[in-house]
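# Secondary and tertiary structure notes
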Amino acid sequence: MSGRAWGVLFVLCGAIFLEGIDVAMLNVALPSIREDLDMSTGMLQWVMSAYVLGYGGFMLLGGRAADLFGRRQMFVFWLVVFLLFSGLGGFATEGWMLIVARFVTGVAAAFMTPAGLSIITTSFDEGPQRNKALLVYSGTAAGGFSIGLVVGGLLAAVNWRWVFFAPVILSLLILIAAIALIPKSARPDRTGQGVDLAGAITVTGGILLLVFGVERATHASAAVTTATIGVSLILFLAFIAIERNSSSPLVRLGIFRSGSLVRANLAGMLFAAGFFGFQFIAVLYLQELRGWSTLQTSFALIVIGVDAILSPTLTPKLVAKFGNARVIFGGLLLAALSYALFLPIGADWTYLAMFPSLIILGLAFSLAYGPLTIVATDGIAEEEQGVAGGLLYTSFQFGAALGLSSVAAVNIAATDGTSPAALLDGYQAALVVPLVAALVAAFISAFGLRSRAGADDAAPAPVEVPAPAAPVEVSR
């Protein structure tokens, strides 16, 4: 790749790193935020839920906007919005101010992320170069989340507001680099391609309600959850009807004829569900049962961040030898193994006893995440790359919400009391959820090994391995 191409990739890696580190730092700063702003547990939950709603709800619309209004324009504009509202979160003096800031920050990420991904998929030719770029990109995303756990703990120890101010500084640097390095392109020709407003409203409303229903499942009655998800499904049916009759649909329904795209989205959703669900239970185990500090927990889990090193170094070699489909399948099986090894967790396990699960999970992430991104965008027309990216990240985000809600529900149901034994029973029951999710994801991905549609995924393609320069890290 040329120096300019590496520069563009560096900027986009910086943006996905920013998104990941932002989420991870906030996770570990929540106790300090609650104490300072005197927030109830319910309101504190909304600090996280608001971001998930904004991110998951507007991702698909963000992907289409990148295709229609220009990828560079959308990326730069929403990076500015991300910068401004992250900073406003740091100045919050009331809980509602912080929640609003997080929602808008999530919306900004929903437009910025698919725009960045589609810049990569349209700037690099499909094949070895694009694969290399996407694997570096995914490795950066992984590292952002891992590093954010530790950085967030350090910043929160000084003052939780720095968890919001630090991304502002990083955003500004990325913005300057983006304006200088990402080449301007002609505004897309939208002749005959009106904005599908009805489709945008119904699908965004449907996704918002679905993510909301899943995210709040453990905090609302069964009737409210059922009604919320029911209305969401009605909106999705309306969306399908609108898209069938639209001359310029938000999402061309024919895109779902791609077996590899559908498999990648389903497997990605389940993989994210297991991954985030597992991390949630692991954090509860270490902090609630074992009494570890936030910083100790952060350092314990950072080993999962080995994927930031392996994604751009080991994964390209494996893809070159075995193909994307086989590497994804292997990664999902490793994820299932990781969760299975953690199932018999005891009240006095040493860190060495936990280490195999954590290191295997980092390896699994490095094998599954990048190749899933490649498969989800391979063979998709350039004018639909933004939509393809939006679909994939919507699947990841919804999977994360689904996994967190599911493990929380099982944990609550299986915990009978506050004794260490009762807590342990709840954790062990909840850990079955990530295991099942990983196994189902592996089952779905296995069809890519056999079908003609997955032949290209499985066929080894020469992938150049990037120089072992330390990749910028990123979020999940």
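Everything numeric here is computed off the predicted structure, so don't read it as measured data.

## As for the overall build of the protein chain
Looking only at helices and strands, the protein chain has 17 helices and zero strands in total. For the protein chain, the C-alpha radius of gyration of 21 Å lies close to 23 Å, the compact-globule estimate for 476 residues. Projected onto the principal axes, the alpha-carbon positions of the protein chain cover approximately 65 × 50 × 45 Å. Taking all 476 residues of the protein chain together, 57% fall into the buried category.

## Topic: the confidence of the model for the protein chain
With 91% of its residues at a pLDDT of 70 or more, the protein chain shows a mean pLDDT of 84. The secondary-structure element of the protein chain with the lowest mean pLDDT is helix 17 (residues 455-458), recorded at 44, while helix 12 (residues 324-342) shows the highest, at 96. Below a pLDDT of 50 lies the segment residues 452-476, which in the model reaches 94 contacts outside its immediate sequence neighbourhood of four places, other chains included.

## Points about the packing of aromatic side chains
Tallying each qualifying case throughout the model produces 21 aromatic pairs. Geometrically, the ring pair formed by W78 and F111 is stacked, given 4.4 Å between the ring centres and 15° between the ring planes. Placement of W78 in helix 3 (residues 71-90) and of F111 in helix 4 (residues 95-123) is noted, with a sequence separation of 33 residues between them. Across the pair, F111 and W78 agree in class, each one buried.

## Notes on helix 9 (residues 259-289)
End to end, helix 9 covers 44 Å across 31 residues, agreeing with the expected 45 Å (1.5 Å per residue, within 8%). Where burial is concerned, most of helix 9 is hidden: 24 out of the 31 residues are buried. Positive backbone phi, at 75°, marks G291, one or two positions downstream of helix 9.

## Examining the environment of G399
Assignment of secondary structure puts G399 in helix 14 (residues 385-414). Accessibility expressed as a relative area gives 0% for G399, which makes it buried. Between the alpha carbons of G399 and F275 there is a distance of 9.2 Å; along the sequence they are 124 residues apart. If we ignore the near neighbours within four places in the chain, the residues touching G399 are M269, A272 and A273.

## Some points on the pattern of salt bridges
Going through the model one piece at a time under the given rule, you end up with four salt bridges. Put simply, R161 and D36 hold a salt bridge, and the shortest N to O gap is 3.8 Å. Remark: D36 occurs in helix 1 (residues 3-37) and R161 occurs in the loop between helix 5 (128-158) and helix 6 (162-181); sequence separation between them is 125 residues.

## So, the packing of helix 5 against helix 10 (residues 294-301)
Two numbers describe how helix 5 lies on helix 10: the axes approach to 8 Å, and their chain directions differ by 165°. As far as their axial angle goes, helix 10 and helix 5 are roughly antiparallel. Crossing of helix 5 over helix 10 shows left-handed handedness. Contacts between helix 5 and helix 10 involve L149, V150, G153 and L154 from the first element and L295, S298, F299 and L301 from the second.

## A word on the nonpolar core
Membership of the largest hydrophobic core comes to 122 residues, with the highest contact counts inside it found for F75 and Y285. Of all the elements, helix 9 adds the most residues to this core, at 16 residues. The contact partners of F75, leaving out residues within four places of it in the chain, are V11, L12, A15, M112, A115, G116, I119, A178 and I182. Residues A29, I33, L98 and I99 belong to the second largest nonpolar core, which totals 20 residues.

Criteria and cut-off values
Residues numbered from 1 in each chain as written. Predicted model: local features only at pLDDT ≥ 70, side-chain atom pairs only at ≥ 80, totals over all residues. Heavy atoms only, no water. Helix = DSSP H or I, 4+ residues; strand = E, 2+ residues; numbered from the N terminus. Rg over C-alpha atoms; globule rule 2.2 N^0.38 Å. Buried < 20%, exposed > 50% of the residue type's maximum accessible area, 1.4 Å probe, protein only. pLDDT = per-residue confidence, 0-100. Contact = heavy atoms within 4.5 Å. Phe/Tyr/Trp six-rings, centres within 6.5 Å; stacked < 30°, edge-to-face > 60°. Expected span 1.5 Å × (residues − 1). Salt bridge = Lys/Arg side-chain N within 4 Å of Asp/Glu carboxyl O. Axes fitted to C-alpha atoms, helices over the stretch in contact; angles between N-to-C directions. Parallel < 35°, antiparallel > 145°, perpendicular 65-115°, else oblique. Left-handed = near helix turned anticlockwise from the far one by under 90°. Core = buried A, V, L, I, M, F, W, Y, C linked by side-chain atoms within 4.5 Å.

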